[in-house]
Each structure stands twice: as structure tokens, then as C-alpha cells.
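Working through the structure, step by step
Listed here are the chains, written in short residue letters.
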Amino acid sequence: MTLRALDYPREALAQFGRERLLMECDNELEELMRVVACAKEPLTVALIEGLPAGSILWDVGANVGSYTLLAAALGLGVVAFEPVPENFAALSRNLALNNLLKEVVLLPIGLGQGHGLLWLHRGDMRAGAASHTIDAQDLHAKGELHRQLIPVMSMDDALEYFNLPPPTAIKLDVDGFEIQVLAGAEKTLALPSLGQLLIELHDSWDGYLTGWLAERGWQVAETWEHRGPIYYGRFERVVAPGN
């Protein structure tokens, strides 16, 4: 047995934008990455804190809930999508820990272009892990340790089937599956309520994704890229036609 400097599970108190919230940490990854998530993505925090009262945030790829927690604590309506079982369980516990569980619509599904079962290829089974890939075929993915089938449906179908509150803003972080999610969201993107998207860009869609949105009238308003010892990615805030 290897001894660790930190004993888990434990609770960590973090500054989430203007809010101080609790997160339950079952491993080092959650403590080192998710508790400080708001510090490493200031554009995401600025979007959430800038939403007016009554706004609805759709958190697509919510992981263990860093941004869902912040939005709910600020009194916003939140719909959170998270298909990874360990992350969904941690997301639920973190919301309960802050007495916010009843304030958020939680859906344990992935979003994509259609509906059915797709393979989730996983390189890390810990809660808080990311960079999983989704594919229609049972193929060996780079870095894969395990794979499992997950339920996937389009954003447009989820909006209608679950009678969800229409989003004011969408945070999209799905590790390379962005274009499939947006391709299944044509009706959602046209909703008059929806004013902005916050997208973490994946290298495979760089340029193509913003071009795809531009064809539909969406324009990049802000770009932020993390520079430092750990690269956290590039983020773009995209605004709806007429905004």
C-alpha cells in the first residue's frame, strides 16, 4: 500500500467567484483541479456572475459541479448535463453539501447530434477526471483504460422531452465533442432567450467551430487562453445574432 500525504474523502472550502462553497474531495485530482476551477477559468466565472437575475444556465459537461455550484449559489436557474457516473455522483453530493441540490436540474446523459447509446472511452476512473472521448464505435482510443456505453440525446430533444427551462447562456465543455453537440442544437441555438455561449475549444475543431457558428450569425465576443505551467485551454464567449 502506498501512503498518501492527504487522506480522502475530505471537504475543501474554495472561493468560487464571489461565493465560498464546499466541495467534497475523494481524490487529489478533485482537490488540485476542481476546487480551483473558477480561478483557472475567469472568463467562465465572468459570464456566470454577469448573468441577470432570472437567467438560466445550461452547464453541458458539468463534471463535479464547479460552475453549477457558483451559478446556483448566485440564485440562477441551472440545468446540468454530466454523463460520467463518478462525476455525476460527486456533482450531486457537492450540491447537497451546499443545500443547493433542489435548485438544479441534473441530467445524467450526454448531448450529441442524435439519440442512442455511444461509447465513452475513459483514461481515468476517478471523480473529477476529464478528457474522455465519445465515439459511436467500440474502438480502442488513445489512453483508454476502460469504456462504457452512455445514453446520448440531442440538445433539441432534451429541451422538448424534459420540458426544460430555455437557456439564457450555455457553458459547453465536452472535450472534442463540441460540434456534435451543436449540430443537435439548431432549435436551441435559435431560441430568443439564448444570448451567449461559453465554449472551451478543442484543437480538432479550432477555426471550424467558430466558422460553423458564424454561418448562423453567432460572433466571438471574447477569447481567453490560459498561459502557465499547466495549460488549461482556450475559451471563447460567443454571442447570439443581434446581441
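Just above, that's the structure.
Right, let's walk through the structure included here. (Residues numbered from 1 in each chain as written. Predicted model: local features only at pLDDT ≥ 70, side-chain atom pairs only at ≥ 80, totals over all residues. Heavy atoms only, no water.)

For the rest of this paragraph, the subject is the packing of aromatic side chains. Counted according to the given criterion, the structure contains three aromatic pairs. Centre to centre, the rings of Tyr161 and Phe162 are 5.0 Å apart; their planes meet at 90 degrees, and the pair counts as edge-to-face. Of the residues examined, Tyr161 reaches a relative accessible area of 65% and is grouped as exposed. Against the face of Trp212 rests Arg216, its NZ or CZ located 3.7 Å from the ring centre. (Phe/Tyr/Trp six-rings, centres within 6.5 Å; stacked < 30°, edge-to-face > 60°. Buried < 20%, exposed > 50% of the residue type's maximum accessible area, 1.4 Å probe, protein only. Lys NZ or Arg CZ within 6 Å of the ring centre and 35° of its normal.)

With that settled, the discussion passes to the sheet that holds strand 5 (residues 104-107). Read from one edge of the open sheet, seven strands run 5-4-3-10-11-13-12, paired in mixed fashion. Of all the strands in the sheet, just strand 5 and strand 12 (219-225) have a single pairing partner and so form its edges. Pairwise comparison of adjacent strand axes, ignoring direction, gives a mean angle of 15 degrees for this sheet. By the bridge criterion, six bridges tie strand 11 (residues 196-201) to strand 13 (residues 234-239) in an arrangement that is antiparallel. The residue of strand 13 that forms the bridge with Gln196 is Val239. Its contacts with the sheet put helix 3 (residues 42-50) on strand 3 (56-60), strand 10 (169-172), strand 11, strand 12 and strand 13, and the angle it makes with strand 13 is roughly 30 degrees. (Pairing = 2+ DSSP bridges. Helix = DSSP H or I, 4+ residues; strand = E, 2+ residues; numbered from the N terminus. Axes fitted to C-alpha atoms, helices over the stretch in contact; angles between N-to-C directions. Contact = heavy atoms within 4.5 Å.)

As a further point, take the packing of helix 3 against helix 4 (residues 66-73). For the pair helix 3 and helix 4, interaxial distance at closest approach is 9 Å and the crossing angle is 25 degrees. Classified by the angle their axes make, helix 3 and helix 4 are roughly parallel. Regarding helix 3 and helix 4, the two cross each other, and that crossing is right-handed. Together, Thr44, Val45, Ile48 and Glu49 of helix 3 and Tyr67, Leu70 and Ala71 of helix 4 make up the contact between the two elements. Across the contact of helix 3 with helix 4, the residue classes tally to five nonpolar, one polar and one charged. (Parallel < 35°, antiparallel > 145°, perpendicular 65-115°, else oblique. Left-handed = near helix turned anticlockwise from the far one by under 90°. Nonpolar A, V, L, I, M, F, W, Y, C, P; charged D, E, K, R; others polar.)

The next subject is the pattern of salt bridges. One pass over the full model with this rule turns up 10 salt bridges. Ionic pairing is found between Glu24 and Arg93, a salt bridge with its closest N-O pair at 2.5 Å. One end of the pair, Glu24, is in strand 2 (residues 19-25); the other, Arg93, is in helix 5 (residues 85-97), with 69 residues separating them in the sequence. As a salt-bridge pair, Glu222 and Arg237 come within 2.7 Å of each other at their nearest N and O atoms. With Glu222 in strand 12 and Arg237 in strand 13, this pair connects stretches of sequence that are 15 residues apart. (Salt bridge = Lys/Arg side-chain N within 4 Å of Asp/Glu carboxyl O.)

Position of Ala71 relative to the elements: it lies in helix 4. Accessibility expressed as a relative area gives 0% for Ala71, which makes it buried. In this structure, the C-alpha to C-alpha distance between Ala71 and Leu47, residues 24 residues apart in sequence, is 9.9 Å.

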